[in-house]
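What follows is the residue order along each chain.
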Amino acid sequence: EAGVAQSPRYKIIEKRQSVAFWCNPISGHATLYWYQQILGQGPKLLIQFQNNGVVDDSQLPKDRFSAERLKGVDSTLKIQPAKLEDSAVYLCASSLGGVSYSEQYFGPGTRLTVT
Amino acid sequence: AQSVSQHNHHVILSEAASLELGCNYSYGGTVNLFWYVQYPGQHLQLLLKYFSGDPLVKGIKGFEAEFIKSKFSFNLRKPSVQWSDTAEYFCAVNALGAAGNKLTFGGGTRVLVKP
């Protein structure tokens, strides 16, 4: 079974530039998550989708971050404009979804460096 | 809102030593509890989980964790570590009833096992 795919794996940009990350979840997984993991910290949930609807985006900095999952499968996360403090690993995870908790499977992440 | 704290940021030990990593959470309701591991260069993967029942749970690679409800703790243990256990370990909590079944992670503990 293929895992969660993410691209690119690494990205270096200057502050005020924009960047986009892509995630393809495990086939059949209805729920998709984007996490931000700053060096030395645990992952922090940015946004959660159930199919193509947003379930939780309470910790997404909406003035600069946006995410979409238009067809309920793959997803993109965008930062515009980037700040130095956005340097982090951006993790995508997916799960089967449903009312009760189902295990989340993580992708390899995209390491973003903002200079 | 729930929070998770891990007591040690870094642990260094020798092969065959015993390992115990502390994890405490704050949430008044029912929780599901997890330990994730991230080996160097790899993505996050589930080590073990507690949903209900026997508070002593066993995971992969000889790891176990004990849920002590009165102490809001879920400590991870391994009686005898190997060099291959060098990794970063994250405790995570899923608060039942909270919107979206999201995971809240602790800050992580980096474990270095010396050969």
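An account of the accompanying structure is given in this report. Just so it is clear, the model here is predicted, and its values are computed rather than measured. (Residues numbered from 1 in each chain as written. Chains lettered and ligands numbered in written order. Predicted model: local features only at pLDDT ≥ 70, side-chain atom pairs only at ≥ 80, totals over all residues. Heavy atoms only, no water.)

### Concerning the environment of Ala95(B)
Residue and element names in this part refer to chain B.
Alright, step 1. Note that Ala95 resides in strand E10 (residues 87-95).
Alright, step 2. On a C-alpha basis, the gap between Ala95 and Tyr27 in space is 7.3 Å, while along the polypeptide they are 68 residues apart.
Alright, step 3. Ala95 has contacts with Gln2, Tyr27, Thr30, Val31 and Lys102, leaving out every residue within four places of it along the chain. (Helix = DSSP H or I, 4+ residues; strand = E, 2+ residues; numbered from the N terminus. Contact = heavy atoms within 4.5 Å.)

### A closer look at the interface of chain A and chain B
Alright, step 1. Each partner contributes residues to the interface: chain A has 23 residues there, and chain B has 20 residues.
Alright, step 2. Counting each side, the surface lost to burial between chain A and chain B is near 1,600 Å², with a carbon and sulfur contribution of 53%.
Alright, step 3. Three residues stand out in chain A for area buried against chain B, namely Pro43(A), Tyr101(A) and Phe106(A), and they jointly supply 38% of the buried area on that side.
Alright, step 4. The interface formed by chain A and chain B holds zero salt bridges in total.
Alright, step 5. Counting every contact that joins chain A to chain B gives one residue pair in polar contact (both at pLDDT 80 or more).
Alright, step 6. Among the elements of the structure, strand E4 (31-37), strand E5 (44-50) and strand E6 (53-56) of chain A are those that each provide at least two residues to the side of chain A that touches chain B.
Alright, step 7. Ranked by residues supplied to the side of chain A that touches chain B, first place goes to E4(A) with three residues. (Buried area = accessible area lost by both parts, 1.4 Å probe. Salt bridge = Lys/Arg side-chain N within 4 Å of Asp/Glu carboxyl O. Polar contact = N/O pair within 3.5 Å; in protein donor to acceptor, adjacent residues only side chain to side chain.)

### Side note on the packing of aromatic side chains
Alright, step 1. Under the criterion given, the structure shown has 14 aromatic pairs over all chains.
Alright, step 2. Taking the centre distance of 6.4 Å and the plane angle of 40° together, the rings of Phe65(A) and Tyr90(A) count as tilted. With Phe65(A) in strand E7 (residues 65-68) and Tyr90(A) in strand E9 (residues 88-95), this residue pair connects regions lying 25 residues apart in the sequence. The pair Phe65(A) / Tyr90(A) is uniform in exposure class, with both members buried.
Alright, step 3. Seen in terms of ring centroids, Tyr25(B) and Phe72(B) are 5.5 Å apart; in terms of plane orientation they differ by 70°. Their pairing is edge-to-face. Residue Tyr25(B) is located in strand E4 (residues 23-26), and its partner Phe72(B) is located in the loop between strand E8 (64-68) and strand E9 (73-78); the two are separated by 47 residues in the primary sequence. (Phe/Tyr/Trp six-rings, centres within 6.5 Å; stacked < 30°, edge-to-face > 60°. Buried < 20%, exposed > 50% of the residue type's maximum accessible area, 1.4 Å probe, protein only.)

### Observations regarding the side chain of Ser94(A)
Residues and elements named next belong to chain A.
Alright, step 1. Mapped onto the fold, Ser94 is located in strand E9.
Alright, step 2. From its side chain, Ser94 meets the backbone nitrogen of Ile26 in a polar contact 3.4 Å long.
Alright, step 3. Excluding residues within four positions of it along the chain, Ser94 makes contact with Val4, Pro25, Ile26, His29, Thr31, Leu32, Tyr33, Glu103, Gln104 and Tyr105.

### Description of the state of the cysteines
Residue and element names in this part refer to chain A.
Alright, step 1. By the definition in use, this model includes two disulfides over all chains.
Alright, step 2. The residue that forms a disulfide with Cys23 is Cys92, at a sulfur-sulfur distance of 1.9 Å. Disulfide Cys23 to Cys92: torsion about the S-S bond roughly -70°, handedness left-handed. Of this pair, Cys23 sits in strand E3 (residues 19-24) while Cys92 sits in strand E9; the two residues are 69 residues apart in sequence, bridging distant segments of the chain. Of the two residues, Cys23 and Cys92, both sit in the buried class. (Disulfide = S-S within 2.5 Å.)

### Regarding the side chain of His29(A)
All names here are of chain A.
Alright, step 1. With respect to the element layout, His29 can be found in the loop between E3 and E4.
Alright, step 2. His29 gets classed as buried once you look at its relative accessible area, which sits at 9%.
Alright, step 3. If sequence neighbours within four positions are ignored, His29 has contacts with Arg69, Ser94, Ser95, Leu96 and Tyr105.

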